[in-house]
Each structure stands twice: as structure tokens, then as C-alpha cells.
Amino acid sequence: MPSEKEQVLEFLTGKTGKSKFYFSDFCKIFPDKKQREVKKVLTELVNEGKLEFWSSGSTTMYGMTGAGKQKAEED
Amino acid sequence: MAKHQTPLLDQLETGPWPSFVSDIKQEAAHRAANPDGVDYQIPVDCPSDLLGVLELSFKDKETHWKHGGIVGVFGYGGGVIGRYCDQPEMFPGVAHFHTVRLAQPSGKYYTADYLRGIMDIWDLRGSGLTNMHGSTGDIVLLGTTTPQLEEIFFDVTHKMNTDLGGSGGNLRTPADCLGQSRCEFACYDTQDLCHTLTNDYQDELHRPAFPYKFKFKFDGCPNGCVASIARSDFSVIGTWKSDIRIDQDRVKAYVAGEFKPGGGSHAGRDWGKFDIVKEVVDRCPTGCMSYDGAKLSIDNANCTRCMHCINTMPAAVKIGEETGASILLGAKAPILDGAQMSSLLVPFVVVEKPYDEIKEVIENIWDWWMEEGKNRERVGETMKRLSFQKLLEVTNIKAMPQHVKEPRSNPYIFFKEEEVPGGFEHDEAAYRQRHMR
């Protein structure tokens, strides 16, 4: 059984066609878990530098560090 | 000589009010002159390029900003909003123009030293332009580049003891009125409640896991100086339970003209002699007041806390002694589908440290909304979609008359079978024996 963090990373590297995800998308990976527990898993991944936040100012999403075209803005 | 010609913006300066265009031009000139010898860490001509890109947007009738991004400080999911210009070659000074939100002090009490400290950091590492304050109430620092973000964060937290504010799907920077620090109408200590909840809910403020934004606002009385009923998802408004206190001698003094009504407001014109019946009694929205020429009476059971009599005669009429707050839920002010005011959820709660009763309501609402709320759905929309009755269930609050705006026209609180003695089953045959068709 892969760890919770591995499950999140597996989901993110799977063929979703997207690079940024709503918090609720991660809750679907763990249907039996409380939202706050899922948040702890994501927070750990952010603190490890594996995930990063994307924010429009009004909405926030999570993605793999460096994934998607946003990185290009900074280069 | 201005870097960009801005004829359309110049026109904005000709109006009767102070102009943000003049302000930005002033900052552009100040940065160009640099009288204090600041070692600017972002392009000096940032304010000039801001004017340039705005002029271009006015000309094109299109925005030249791209918003959103991965920028922020490490571990925080809010507080910084990425902004990029889509004409970076024309306007290199605003190629990056990120917004930084800072938590304002409760009640917005500042010292000159504090404001200078913030501006020293912001002149060095940002555009020098601010928005004091944003709609949510925070200090908004407008325009900096990505490499400066961590530096700014370090300086504001270490030198100014100030944290980033909220943005995105977070708890937003809570805001309050001056409360009991200055105001005799305040029914609870708004600043302490605001400060305590800001500290207690740090995780919600900085690490987003909500479907959308969530705002707390704390008004000390129903005058609503921070307009919490219209501008926050969770509005706490001071109120009182016991009777309004009336000093009849002072009422007479108002009638005799010894006190100025409204604390001397609207004094720029002669409105004639103070008429207590016309100006107070007849203005009562529920008609619960009367004045017989000597005594002012209030039918307190029918008072809706409009505050008009208290505001007009503050020396004679005071809030009741048993004070607390009402909690309302679900206000929002979206651009497309119009504003929604908060709905009354808790008619009266005593506001006392450690505020566990209020926190329980908050946390029950969050648990429900995080589970049921759709992406980008405010709690007020979840409440409308799933019913107010559902909200009462999840917050363990019993339905009561104060929850119902108009009985029968919108009976959105229904009984469940187990709540009705005898259930919904009835003996049709026996009924028909007593009642013919």
C-alpha cells in the first residue's frame, strides 16, 4: 500500500491533462479521510518542496513544483 | 519629463476629487529624484510604467495584466498575488507587479513609526505605491518583483512584527471596528476577538483548503462601522439583551436644546429646533417609541437595534447593560449576480474569552462547507443551495422565530417527522368522520 504522499504524487503524475488542481480534487483520492487530514498531507508535500501553490488571487490550486506553463513566467 | 505621454489619464486629474493619477505621478517624480538615496531593488521607473500600461489599456479598451501565478513565500498559500504585464518590453518596470497583502492591526491603529517602517521596506523593495486599505481591510502593497518577496516577508515579520494577509481559498485577513477602545456603543471587545481568532486560525489564513474565500468581520454594535453584515461570510455584530437605558432628564435636555443631537453632526446648516417626535420617535422603524412631552418610552421587545435613537441622543439613550453579539452568515458582494447580506444564525451569544462558543460555530460551519461546498462557492451560496435548515443542523442550532424573515411566504424551515409528536401518519377515516369533504 503506497503512503498517502505517494498516492498524491501518483495522482499528480497520472494522465489528468492538467497541471493545477483544486483542494477538493485531492479529497477524492481519500474519500474516507476528513478534509483537514488531507490538508496535512498536502502541507507536508508543500513543505518538502514537492508541491506548490498556484493562486489567481481569488482561488488557490495545488500542483507539482515546476509543472505547467506558469514556471515560464518567472524565467 | 514624463516617460510616457498619458493624455487620457491626465483628464482624470481634472475632476473635483484627489486623483490616484496625481498620486502615482508624484511617486514617479519622487523615485526619479531619489532625495533619500534609496538603493531601489526594483526598477526605479515602475510607477511611470504603471501609468504607461494604464494609458494603453484605456486606449485599447483591454487589460494588459495577466493575473495569477505560483509566486508567494515558502509555505504560504496566500498573501501574495502574482501580477504580470503582457507588454513587458514596452513597460519593463511593471513586467512583474505582484501585490503583497499585510495583516492590518486590529482597529487599524497605527503609529507614525510603524507606517514609516512599512514604507522604508516598501520603498526599498517595492513600487512605493500602496492601497490603504483593501476592501477586506488589509494593507495592500502594490507592485514588486518575485525575488523581493521573501526579503519583504522576512523584513515585515522580523522588523515590523507583521504577518502576510489572506488571499485565495483561505480565511482572509479578519477586520474589526475600533470597538471598546474608543466607542461607547461597542457591545464587546472587537479588537480582542479579532486578534485572538486571527492568531488561532493561522493555518486557515495561510494554507488554503477552503472552496473559496472566507471573511470574518467584527462590528461592535449594529451601526456596523466595518459593514460586516454586507462584507463578510461570518459577521459578528454587537447587540444587547436587556432594555435600552434612558436618562429622562437628559432626554429633556436634548428637547430643550442643551445637548446637540447626533453629537453635533450635520452642523453645517440650520435645521431648526430639535424635534424629538419628528427626528427620533417617528423615525423608529418598528414604531416602538413614544414621547408624551415629558417621558420617552421604548417597547424594548419590538426594538430591532437600528441604533437611530442612540445615535441621535447618545447622552440620554444608551445600549442595554447585558451585551453580547449576534452571528450572521453568508454575505458576499460578487460582481456578476449582485450582493447578498448575511442571514441571522445565532441571535445572541455572550462574547467572552476564550471565545469557545463562537469558535465552535465557526468550526462546524467550516467542516460542513469544506465537505459540501463546490469549488469557488462562498458559504452563503452553499447555505442557499442546501438550505438554511441544513446549516442549523450542522451547527447544532435549533430553529427559532428570529431565523424566519417572513412566515409562510418562504417557509424554508421544515419539520422532520421525528420532531412532530405522533409523526406524520394520521387516521384518514376518523378525520373524515369529523370533517366532510
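Quick notes on the rules
- Residues numbered from 1 in each chain as written.
- Chains lettered and ligands numbered in written order.
- Predicted model: local features only at pLDDT ≥ 70, side-chain atom pairs only at ≥ 80, totals over all residues.
- Heavy atoms only, no water.
- Helix = DSSP H or I, 4+ residues; strand = E, 2+ residues; numbered from the N terminus.
- Buried < 20%, exposed > 50% of the residue type's maximum accessible area, 1.4 Å probe, protein only.
- Contact = heavy atoms within 4.5 Å.
- Lys, Arg positive; Asp, Glu negative; His and termini not counted.
- Charge placed at Lys NZ, Arg CZ, Asp CG, Glu CD.
- Core = buried A, V, L, I, M, F, W, Y, C linked by side-chain atoms within 4.5 Å.
- Pairing = 2+ DSSP bridges.
- UniProt positions renumbered as here; feature names shortened; annotations may be inferred.
- Axes fitted to C-alpha atoms, helices over the stretch in contact; angles between N-to-C directions.
- Domains from an automatic or database assignment.
- Buried area = accessible area lost by both parts, 1.4 Å probe.
- Salt bridge = Lys/Arg side-chain N within 4 Å of Asp/Glu carboxyl O.
- Polar contact = N/O pair within 3.5 Å; in protein donor to acceptor, adjacent residues only side chain to side chain.
- Nonpolar A, V, L, I, M, F, W, Y, C, P; charged D, E, K, R; others polar.
- Phe/Tyr/Trp six-rings, centres within 6.5 Å; stacked < 30°, edge-to-face > 60°.
- Disulfide = S-S within 2.5 Å.

- Chain B carries the name Dissimilatory-type sulfite reductase subunit alpha in an unreviewed UniProt entry, which gives Solidesulfovibrio aerotolerans as its organism.

- Identification of chain A as Dissimilatory sulfite reductase-asociated protein DsvD from Solidesulfovibrio aerotolerans is taken from an unreviewed UniProt entry.

## Focus on the overall build of chain B
- What chain B contains, in helices and strands, is 15 helices and 15 strands.
- Relative to its 437 residues, chain B shows a buried fraction of 47%.
- In chain B, the proportion of contacts linking residues at least 24 apart, taken out of those at least 6 apart, comes to 63%.
- Between the centroid of the 47 positive side chains of chain B and the centroid of its 61 negative side chains there is a distance of 5 Å.

## Side note on the nonpolar core
All names here are of chain B.
- Ranked by size, the top nonpolar core spans 52 residues in total, and within it Phe214, Phe216 and Phe234 carry the most contacts.
- Here this core gets 8 residues from one element, more than from any other, and that element is helix H12 (residues 356-372).
- Excluding residues within four positions of it along the chain, phenylalanine 234 makes contact with Phe214, Lys215, Phe216, Lys217, Ile327, Leu328, Leu329, Ile358, Val361, Ile362 and Ile365.
- Residues Ile244, Ile276, Cys284 and Tyr291 belong to the second largest nonpolar core, which totals 26 residues.

## Considerations on the sheet that holds strand E6 (residues 139-142) of chain B
Residues and elements named next belong to chain B.
- Taken in spatial order, the 4 strands of this open sheet run E2-E4-E6-E5, and their pairing is antiparallel. Two strands bound the open sheet, and with one partner strand each, they are strand E2 (80-81) and strand E5 (129-132).
- Note that E2 and strand E4 (residues 99-102) share 2 bridges and pair antiparallel. Bridged to valine 80 within E4 is valine 100.

## Things to note about the UniProt feature "domain: Dissimilatory sulphite reductase D" (unreviewed entry) in chain A
- Here, the residues flagged by UniProt with the feature "domain: Dissimilatory sulphite reductase D" (unreviewed entry) are residues 5-67 of chain A.
- Helix makes up 43% of residues 5-67 of chain A and strand 16%, whereas the separation of the span's terminal C-alpha atoms amounts to 17 Å.

## Considering the sheet that holds strand E7 (residues 175-176) of chain B
Residues and elements named next belong to chain B.
- Judged by pairing direction, the sheet is mixed, and its 5 strands sit side by side in the order E7-E8-E9-E14-E15 without closing on themselves. The sheet terminates laterally at E7 and strand E15 (343-349), the two strands that pair on one side only.
- As judged from the 4 bridges shared by strand E14 (residues 323-329) and E15, these two strands associate in the antiparallel manner. When the sheet's bridge partners are listed, leucine 328 is paired in E15 with leucine 344.
- On the sheet, helix H6 (residues 190-200) packs against E7, strand E8 (216-219) and strand E9 (234-240) and is oriented at approximately 165 degrees with respect to E8.

## Regarding the domain arrangement of chain B
Residues and elements named next belong to chain B.
- Domain annotation for chain B reports domain 1 (7-158), domain 2 (175-235 + 326-419) and domain 3 (245-318).
- When each unit is reduced to the centre of its C-alpha atoms, the spacing between domain 2 and domain 3 is 32 Å.
- Residue-level contacts link 5 residues of domain 2 with 6 residues of domain 3.
- Taken together, both faces of the contact between domain 2 and domain 3 bury some 430 Å²; the carbon and sulfur share is 63%.
- Looking at the side of domain 2 facing domain 3, the largest losses of area belong to Phe185, Pro222 and Asn223, adding up to 80% of the total buried there.

## Here's the deal with the interface of chain B and chain A
- Residue-level contacts link 32 residues of chain B with 24 residues of chain A.
- Carbon and sulfur atoms make up 48% of the area that chain B and chain A hide from each other, which totals about 2,500 Å².
- The largest per-residue losses of area from chain B upon contact with chain A belong to B:Ile70, B:Met370 and B:Asn375, which jointly make up 24% of the total buried on that side.
- Where chain B packs against chain A, one counts 3 salt bridges.
- A salt bridge links A:Arg36 to B:Asp367, with the shortest nitrogen-to-oxygen separation between them at 3.3 Å.
- Linking chain B with chain A are 11 residue pairs in polar contact (both at pLDDT 80 or more).
- Looking at the side of chain B that touches chain A, the elements with two or more residues in it are strand E1 (65-67), strand E3 (83-85), helix H7 (202-206) and H12 of chain B.
- Element by element, the count of residues in the side of chain B that touches chain A is highest for H12(B), at 4 residues.
- Taken together, the residues of the side of chain B that touches chain A break down into 11 nonpolar, 12 polar and 9 charged.

## A word on the packing of aromatic side chains
Residues and elements named next belong to chain B.
- For the structure on display, the rule yields 22 aromatic pairs over all chains.
- Taking 5.0 Å as the distance between ring centres and 65 degrees as the angle between the ring planes, the aromatic pair formed by tyrosine 76 and phenylalanine 153 counts as edge-to-face. Taken together, the positions of tyrosine 76 in the loop between E1 and E2 and phenylalanine 153 in helix H5 (residues 149-158) put the pair 77 residues apart, joining distant regions of the chain. In this structure, tyrosine 76 and phenylalanine 153 share a single accessibility class: buried.
- One aromatic cluster is present, built from ring pairs that chain together Tyr201, Phe210, Phe214, Phe216, Phe218, Phe234, Trp366 and Trp369.

## Concerning the pattern of salt bridges
- Per the stated rule, a full pass over the model turns up 29 salt bridges over all chains.
- Linking A:Lys33 and A:Glu37 is a salt bridge whose minimum nitrogen-to-oxygen distance equals 3.5 Å.
- Residue A:Lys39 pairs with B:Asp203 through a salt bridge whose shortest N-O separation is 3.0 Å. With A:Lys39 in helix H3 (residues 35-47) and B:Asp203 in helix H7, the pair connects residues from two separate chains.
- Taken together, the salt bridges that share partners define one network made up of A:Lys5, A:Glu44, A:Glu48 and A:Lys50.

## Thoughts on the state of the cysteines
- Evaluation of the coordinates by the stated rule reveals 0 disulfides over all chains.
- No disulfide involves B:Cys183; its sulfur sits 5.6 Å from the nearest other cysteine sulfur, which is in B:Cys221.

## A closer look at the pairing of E8(B)
Residues and elements named next belong to chain B.
- Neither face of E8 is exposed, since Phe216 and Phe218 on one face and Lys217 and Asp219 on the opposite face are all buried.
- Looking at chain direction, E7 and E8 are connected through 2 bridges and run parallel. The residue bridging aspartate 176 from the neighbouring strand is phenylalanine 218, located in E8.
- Across 4 bridges, E8 lies against E9 in parallel orientation. Bridge pairing links lysine 217 to serine 235 in E9.

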